[in-house]
Amino acid sequence: MKAYQKEFIEFAIERGVLKFGEFTLKSGRTSPYFFNAGLFNKGSDLARLGRFYAAALVDSGIDFDVLFGPAYKGIPIATATAVALYDHHQQDTPYCFNRKEKKDHGEGGNLVGSALEGKVMLVDDVITAGTAIREAMEIVETNGAELSGVLIALDRQEKGKGELSAIQEVERDFNAQVVSIVSLNDVINFLKDDDTFNEYLPKVEAYRAEFGVA
Ligand code: OMP
């Protein structure tokens, strides 16, 4: 695990974003941990969050033209990432997002911001089974744009529909790379070394044994 990844996990715990306990996921699975990105809810959080996303993106070396943040949670993340790319990496990157409601007056359409064209970097919070991300891919495809990659905060490394992880399925089906700031393996390595949160390790490891990818 790199220093910035450990720092990110500490930041998420400190802000109550990463929690340990018992949670029901969208997929119906009961998980011993949950990542609620909506709790990055202050200006300082967003500024820091944007820096982590931008660092992971620059680290990945993936070439892209536009950041796309799907509604709703992808919107502040794409925005914060665009600001951080400009402030800290001298990259002035176009970005856009969709609205969920159709608008038929004013500027019309359901995309806001830059045009969704060329090579798209899709930005979101978490991938578990891949449902949310597949919906967002459809928007990219409908617009005739090409998906370059997906950038998320946490890869839960869970099985999708079959034996592959949801992310491996997305990479296979859309021929795009998925980049995450941290993964479940990083969370587990963090728990192994942390005296305060070490007690949660057995349950998280048991969860990985049941739903994780080989
Ligand atoms: P999938 O659509 O199954 O990939 O789940 C991703 C979505 O689940 C996220 O966009 C969240 O709405 C939610 N989620 C979290 O936010 N954090 C988690 O730790 C787990 C989930 C989840 O329900 O799987």
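Residues numbered from 1 in each chain as written. Predicted model: local features only at pLDDT ≥ 70, side-chain atom pairs only at ≥ 80, totals over all residues. Heavy atoms only, no water.

Draft legend 1. Quick peek at unusual backbone geometry. Residue Tyr72 is reached from Ala71 by a cis peptide bond, and omega for that bond is -5°. Relative to the helices and strands, Tyr72 resides in the loop between strand 3 (66-69) and helix 3 (74-89). A positive phi angle, close to 50°, is found at Gln157, a residue other than glycine. Tracing the backbone shows Gln157 in the loop between strand 8 (146-155) and helix 5 (166-174). For Gln157, a relative accessible area of 18% gives the class buried. One non-glycine residue, Asn175, lies in the positive phi region at around 50°. Relative to the elements of secondary structure, Asn175 occurs in the loop between helix 5 and strand 9 (177-183). (Helix = DSSP H or I, 4+ residues; strand = E, 2+ residues; numbered from the N terminus. Buried < 20%, exposed > 50% of the residue type's maximum accessible area, 1.4 Å probe, protein only.)

Draft legend 2. Region of interest: the nonpolar core. Counting residues in hydrophobic clusters, the biggest one holds 45 residues, and the most contacted among them are Phe8, Phe35 and Phe40. Per element, the largest residue contribution to this core is six residues, and it comes from helix 2 (residues 43-60). Dropping the residues within four chain positions of it, Phe8 is found in contact with Phe35, Phe40, Leu49, Phe52, Ala153, Ile181 and Val182. If you look at the next biggest cluster of nonpolar residues, it comprises 21 residues, including Phe68, Leu122, Val140 and Leu147. (Core = buried A, V, L, I, M, F, W, Y, C linked by side-chain atoms within 4.5 Å. Contact = heavy atoms within 4.5 Å.)

Draft legend 3. Broad picture of the site of the ligand. Close to the ligand lie 14 residues, the nearest being Lys26, Phe35, Thr128, Gly130 and Arg156. At a separation of 3.2 Å, an oxygen atom of the ligand approaches a polar side-chain atom of Asp125. One of the side-chain N or O atoms of Thr128 is found 2.6 Å from an oxygen atom in the ligand. Summarising the interface, the protein chains cover 91% of the accessible area of the ligand, which totals 500 Å² for the free molecule. Of all elements in the fold, only strand 2 (30-35), strand 7 (126-127) and helix 4 (131-142) reach the threshold of two or more residues within the shell around the ligand. Classifying every residue of the shell around the ligand gives seven nonpolar, three polar and four charged. (Near = heavy atom within 4 Å. Polar contact = N/O pair within 3.5 Å; in protein donor to acceptor, adjacent residues only side chain to side chain. Areas by Shrake-Rupley, 256 points an atom, 1.4 Å probe, with all protein chains shown as cover. Nonpolar A, V, L, I, M, F, W, Y, C, P; charged D, E, K, R; others polar.)

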